[in-house]
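Structure assessment
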Amino acid sequence: MSANATLTEPWTGTLTQLEWPSTPRLLLLALINIPLISIVFNALWQLLPRDKSSPPLVWHWIPFLGSAPAYGRDPVAFFRECREKYGNVFTFILLGKRVTVTLGPQGNDFVLGGKHTQLAAEPVYSPLTTPIFGKDVVYDCPNEKLMEQKKFVKVSLTIDKFRAYVGMIEDEVKDYLNSDSEFRVYQQDDINEWGVFPVLKTFAEITILTASRTLQGREIRESLTKDYAQVYSDLDHGFTPLHWMIPGLPLPSYRRRDAAHAKMSSFYQSILRKRRESPSQEDDVMGSLMKQRYRDGTTIPDHEIAHILIALLMAGQHTSSSSLAWTILHIADRPDIQEALYKEQLQVFGTPDGGMRDVMYDDIRELKVLDAVVRETLRLHPPIHSIMRMANVDIPVPATLGTPAGAEDSVFVVPKGDIVLASPLISQVDPVVWDKCETWEPIRWYDEKGVAAKAHKEYNEGEKVDFGFGLVSKGTISPYLPFGAGRHRCIGEQISTIISALVRRMEFRLEGGFPAPDYSSMMVQPVPSQIHYRRRKYE
């Protein structure tokens, strides 16, 4: 026997006796080990030296997922924790995307007051809004075109139009209370028995009805019956983080959203065709849009008019209904403020016979308690907690906002392709700025020389800018930005008429704890809750 054979035979025998794992076992081992290996490599990558100009990266264990669970669960707590650890400027990973956050009034100004050529909203929000609103409007068109579309809509949001809208809103609220099944106790003309209504459902419906009555036109309001409730609901369920972050999934909610958009668009366009066949003088947004022309002289196509109307209905409804829900919840939770609101109604609208006259637009401005209540609610509960833009170029961060540690001559740079995020909510609950920042206290707005009044003045009377749809206050440096600021500042901010109509008719009571915010949707709403109500006076 050769020496070579002597050496190889034991190994040959050993190898032949080995049993390699079967394919299922290999797959199981891969499923277990590949994620573990990726977590290890992700952790090691974060420990490597970083460019000093890069904002600090929030530590995370799982690649791709990043800080999504912490951010989605409670963005306010997440931002505060990161701010304490990293400062006002930091980056976190959100489902594979780099998001650089800039906090505080200067951080808000950096994002919301930035040049559109550098910071754009379209790449961020188009995947969410285009399937709902439709093509060629809002974020599915060049920013210059969006500014023209805002200008077209603003024609129907003048002071004179609002004067007419107040009476319509009052009528809609009254009709809703007299017809909706949730207000059966109210309809019985009983001032002793308490009833109860679901908060989110009630204010979503009241908002959609008042918006359609004032802005959308007679035909549209008359058609918004129970038949279209499901269509609206299917569209509404497309406004979720899932639909935003992962567009185009083959899921039922996506298909229902798309079918609802097609039906709503067809509905609006059918009304447009009828109006063109039988010209009318309807004084509403649709009638105004039919007359408008873009700068190049072209008229607005019917599908764009339809999609603008969908956007106006959907976006405005979300903003107003969440604000109404939070306001009435706080009113129900504070009997002293509720009583002050009602006394104000009696003082301004009371008549010698013990009744109340109709509300007029100019009267709303005289309701100081109501004004303070709305402002304080929007301070604690702005509709959107995070406002995002996409960096089209590398953007240096002002040194006054944040600088790299130990590098006095260096500045942070937001790299091209990062999502940049501002959170006005953090400024609005900053204990450095606001006394008892977590407490709902409308009285803070009574002090004309106080922090709240100064912040509101900066918001409304700051630097004036014309983004293409009229001169507006830029307001981005204020610590109070309830509806955002800059070129994307919300057009509609009038919810006081609805609150006034409700407070003069009913008193409210909240049983149990105050509802927590629900951060699972794009608009910050309270978790599902109920309010008890009782009629104030006999019919």
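Residues numbered from 1 in each chain as written. Predicted model: local features only at pLDDT ≥ 70, side-chain atom pairs only at ≥ 80, totals over all residues. Heavy atoms only, no water.

Looking only at helices and strands, one finds 22 helices and 14 strands in the chain. Put simply, the chain has 539 residues, and 50% of those count as buried. Here the contacts in the chain between residues at least 6 apart in sequence split such that 71% fall between residues at least 24 apart. Within the structure as shown, the chain displays about 26,100 Å² of accessible surface, and the carbon and sulfur contribution to it stands at 57%. (Helix = DSSP H or I, 4+ residues; strand = E, 2+ residues; numbered from the N terminus. Buried < 20%, exposed > 50% of the residue type's maximum accessible area, 1.4 Å probe, protein only. Contact = heavy atoms within 4.5 Å. Areas by Shrake-Rupley, 256 points an atom, 1.4 Å probe, with all protein chains shown as cover.)

This paragraph deals with helix α22 (residues 496-503). Taken across its eight residues, α22 has eight buried, putting it largely inside the fold. Among all positions in α22, only Ser496, Thr497, Ile498, Ile499, Ser500, Ala501, Leu502 and Val503 are buried.

Attention now moves to the sheet that holds strand β3 (residues 119-120). The strands that make up a sheet pair up through hydrogen bonds in the backbone, lying either parallel or antiparallel. Pairing in this open sheet of five strands is mixed, and the strands run β1-β2-β8-β5-β3 from one edge to the other. Strands with a single pairing partner mark the edges of an open sheet, and in this sheet they are β1 (89-94) and β3. For β1 and strand β2 (residues 97-102), the ladder comprises six bridges, and the chain directions are antiparallel. In the strand pairing of β2, threonine 91 is matched with threonine 100. Across the face of the sheet, helix α4 (residues 75-86) comes into contact with β1, β2 and β8 (419-422) while running at roughly 130° to β1. Strand contacts of helix α5 (residues 104-112): β2, β3, β5 (387-391) and β8, with the helix running at about 135° to β8, the strand carrying the most contacts. (Pairing = 2+ DSSP bridges. Axes fitted to C-alpha atoms, helices over the stretch in contact; angles between N-to-C directions.)

β1 sits mainly inside the fold: six of its six residues count as buried. Alternating positions in β1 separate into two faces, Val89, Thr91 and Ile93 on one and Phe90, Phe92 and Leu94 on the other, with burial throughout. The hairpin turn running from β1 into β2, its antiparallel successor, is two residues long, and leucine 95 in that turn takes a positive phi close to 50°.

A word on the pattern of salt bridges. As a working rule, side chains carrying opposite charge can pair if their charged atoms are close by. The full count for this structure, using the stated rule, is 25 salt bridges. The partner of aspartate 140 in a salt bridge is lysine 135, with the nearest N and O atoms 3.6 Å apart. The exposure class of lysine 135 is partly exposed, given its relative accessible area of 48%. If you follow the salt bridges from partner to partner, you end up with Asp160, Arg163 and Asp362 in one network. (Salt bridge = Lys/Arg side-chain N within 4 Å of Asp/Glu carboxyl O.)

This brings us to the packing of aromatic side chains. Tallied over the entire structure, the rule returns 24 aromatic pairs. Ring geometry for phenylalanine 78 and phenylalanine 79: centres 5.8 Å apart, planes at 50°, overall tilted. Residue phenylalanine 79 is classed as buried on the basis of its relative accessible area of 1%. Aromatic side chains tyrosine 125 and tryptophan 244 sit 6.4 Å apart centroid to centroid with 25° between the ring planes, which places their arrangement in the stacked category. Of the two residues, tyrosine 125 sits in helix α6 (residues 122-133) while tryptophan 244 sits in helix α13 (residues 241-245), which places them 119 residues apart along the sequence. Owing to a relative accessible area of 13%, tyrosine 125 belongs among the buried residues under this scheme. (Phe/Tyr/Trp six-rings, centres within 6.5 Å; stacked < 30°, edge-to-face > 60°.)

In an α-helix, one full turn covers 3.6 residues, which means residues spaced three or four apart are oriented alike. Between its first and last C-alpha atoms α6 spans 13 Å; for 12 residues at 1.5 Å apiece the expected length is 16 Å, and the helix comes up short by more than 12%. Considered for burial, the residues of α6 that qualify are Glu122, Val124, Tyr125, Ser126, Leu128, Thr129, Thr130, Ile132 and Phe133. (Expected span 1.5 Å × (residues − 1).)

Here we come to the side chain of glutamate 304. Here glutamate 304 shows up in helix α16 (residues 302-333). Once you skip the residues sitting within four places of it in the chain, glutamate 304 turns out to touch Asp136, Val137, Lys145, Gln149 and Tyr294.

With 90% of its residues at a pLDDT of 70 or more, the chain has an overall mean of 88. Taken as a whole, residues 467-472 scores under 50 in pLDDT and shows 22 contacts with residues more than four places along the chain or in a different chain. Taken as a whole, residues 486-493 scores under 50 in pLDDT and shows 30 contacts with residues more than four places along the chain or in a different chain. (pLDDT = per-residue confidence, 0-100.)

Overall, antiparallel pairing links the three strands, which are arranged β4-β14-β11 in an open sheet. The open sheet has two edge strands, β4 (195-198) and β11 (506-509), and neither has a second partner. Ignoring strand direction, the axes of neighbouring strands in this sheet form an average angle of 40°. Bridge analysis of β11 against strand β14 (residues 530-535) gives four bridges, and the strand direction is antiparallel. The residue bridging glutamate 507 from the neighbouring strand is arginine 534, located in β14. Where helix α10 (residues 199-216) meets the sheet, its contacts fall on β4 and β14, and the angle it forms with β4 comes to roughly 70°.

Attention now goes to empty space enclosed by the protein. Counted according to the given criterion, the structure contains one cavity of 30 Å³ or more. In this structure, the largest cavity occupies an estimated 30 Å³ of space. Taken together, Leu177, Phe183, Phe197, Thr202, Phe203, Ile206, Leu502, Met506 and Phe508 form the lining of the largest cavity. At the level of elements, α10 and β11 are the ones that each hand at least two residues to the lining of the largest cavity. (1 Å grid on protein atoms, 1.4 Å probe; cavity = no way out; pocket = protein on both sides within 12 Å on 5 of 7 lines; lining within 4 Å. Points joined across faces, edges and corners; volume = space filled by probe spheres on them.)

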